[in-house]
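# Commentary on secondary and tertiary structure
This is what each chain is made of:
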Amino acid sequence: MTRLRVCEATKRYGDTAETINVFTGLNLSVDADEFVTLMGPSGCGKTTILNIISGLTPLTEGTVEFDDKPVAAGEFSFGYVFQEPRLLDWRTVGKNIEFVLRSADINASEYDSRIDSVLRRVGLDDERDSYPQRLSGGQRQRVNLARALAIEPELLLMDEPFSSLDEVTARHARQDLLDVWYNTQKAVLFVTHDMSEAVALSDRILFINKDGNLFDEVTIDHERPRDFDDPALRETEAQLTHRFFESLQ
Ligand SMILES: Nc1ncnc2c1ncn2[C@@H]1O[C@H](COP(=O)(O)OP(=O)(O)OP(=O)(O)O)[C@@H](O)[C@H]1O
């Protein structure tokens, strides 16, 4: 089943005097239990695509469909994990999560159980009453993920969520994400510049060029669960890096 479809999407920024054409007639889809990653050079429009889907940025032309029905962008069940956690430092971890539950009109009687369950899922059950500033970068990013998961979204949008973490912490965070994903099997649309991360996590990788055209698409058919140190993953990474950069020449 197709969860998300972006159809014939065109995005222009600015007025007629100074227009930036980010992409024209872009099509992409994510199945209900699929992990899809967008890759492409800086400025090709990856964040813009996530922002359009989430309703933060208006689409110039085209449609967004959710479960095969046209929807107003952002008017469906999704969570958005930004590159920086954007936590409210003056609220505890639990209150940060409660804030999104409240905004999503979740019944107040469910707050406690949802907060506990989502913090357990990301391994932060002891930090419910901690303030974000006391946490490490990796823990803050896990709160960020917990906050997006708390509303039990059908689609998770993730924009370079691990790029500001050191490699060891990022590795743990990727494993946390996969564990959550195996248990929930939600649709994920993920953005990264890191080919090894894309190969380790994805079912499919979509490559966008600097003109905003989707020029290549690869299915990653390595069995799951995946071992990040599997030489076969490294081999795929090397092949795709070569193929990707050849195409961009
Ligand atoms: N609010 C805006 N107003 C005008 N132009 C914008 C705006 N937001 C983004 N752009 C432009 O749109 C293009 C796509 O930007 P976007 O941030 O989506 O790219 P990206 O692929 O996510 O880049 P990066 O990999 O560096 O994060 C860029 O040329 C950018 O300058």
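You'll find the structure just up there.
Heads up: these notes are all about the structure in this document. Everything numeric in this text was worked out from a predicted model, so none of it was measured. (Residues numbered from 1 in each chain as written. Predicted model: local features only at pLDDT ≥ 70, side-chain atom pairs only at ≥ 80, totals over all residues. Heavy atoms only, no water.)

### Thoughts on the overall build of the protein chain
Secondary structure assignment for the protein chain yields 7 helices and 10 strands. Of all 249 residues assigned to the protein chain, the portion counted as buried reaches 50%. Partitioning the contacts of the protein chain with sequence separation of at least 6, the portion at a separation of at least 24 is 68%. (Helix = DSSP H or I, 4+ residues; strand = E, 2+ residues; numbered from the N terminus. Buried < 20%, exposed > 50% of the residue type's maximum accessible area, 1.4 Å probe, protein only. Contact = heavy atoms within 4.5 Å.)

### Considering the side chain of Asp203
The topology assignment puts Asp203 in the loop between α6 (195-201) and β9 (204-208). Given a relative accessible area of 19%, Asp203 falls into the buried group. For Asp203, the contacting residues outside a window of four places in its chain are Asp33, Glu34, Phe35, Trp181, Val218, Thr219, Ile220 and Arg224.

### Focus: the environment of Phe35
Counting through the fold element by element, Phe35 comes out in strand β3 (residues 35-39). Residue Phe35 is classed as buried on the basis of its relative accessible area, which comes to 0%. Taking the C-alpha atoms as reference, Phe35 lies 16 Å from His193; in sequence the two are 158 residues apart. Those residues in contact with Phe35 that lie beyond four places of it in its chain are Leu177, Trp181, Val188, Phe190, Leu201, Ser202, Asp203, Arg204 and Arg224.

### Description of helix α7 (residues 231-248)
Compared with the 26 Å implied by 1.5 Å per residue over 18 residues, the 26 Å span of α7 between its first and last C-alpha is a close match. What α7 keeps buried is the set Leu233, Thr236, Glu237, Leu240 and Phe244. Looking down the long axis of α7, one finds its buried residues gathered within 105 degrees of arc, a one-sided arrangement. With respect to the buried face of α7, the exposed residues turned more than 90 degrees away are Pro231, His242 and Glu246. (Expected span 1.5 Å × (residues − 1). Arc of directions from axis to C-beta.)

### Concerning the packing of helix α2 (residues 93-103) against helix α3 (residues 111-121)
One can describe the packing of α2 onto α3 by two numbers: an axis separation of 10 Å at closest approach and a directional angle of 120 degrees. The pairing of α2 with α3 is recorded here as oblique in orientation. For the crossing formed where α2 meets α3, the hand is right-handed. Here Val93, Gly94, Ile97, Glu98, Leu101 and Arg102 of α2 come into contact with α3, specifically with Tyr111, Arg114, Ile115, Val118 and Leu119. Classifying every residue of the contact of α2 with α3 by side-chain character gives 7 nonpolar, 1 polar and 3 charged. (Axes fitted to C-alpha atoms, helices over the stretch in contact; angles between N-to-C directions. Parallel < 35°, antiparallel > 145°, perpendicular 65-115°, else oblique. Left-handed = near helix turned anticlockwise from the far one by under 90°. Nonpolar A, V, L, I, M, F, W, Y, C, P; charged D, E, K, R; others polar.)

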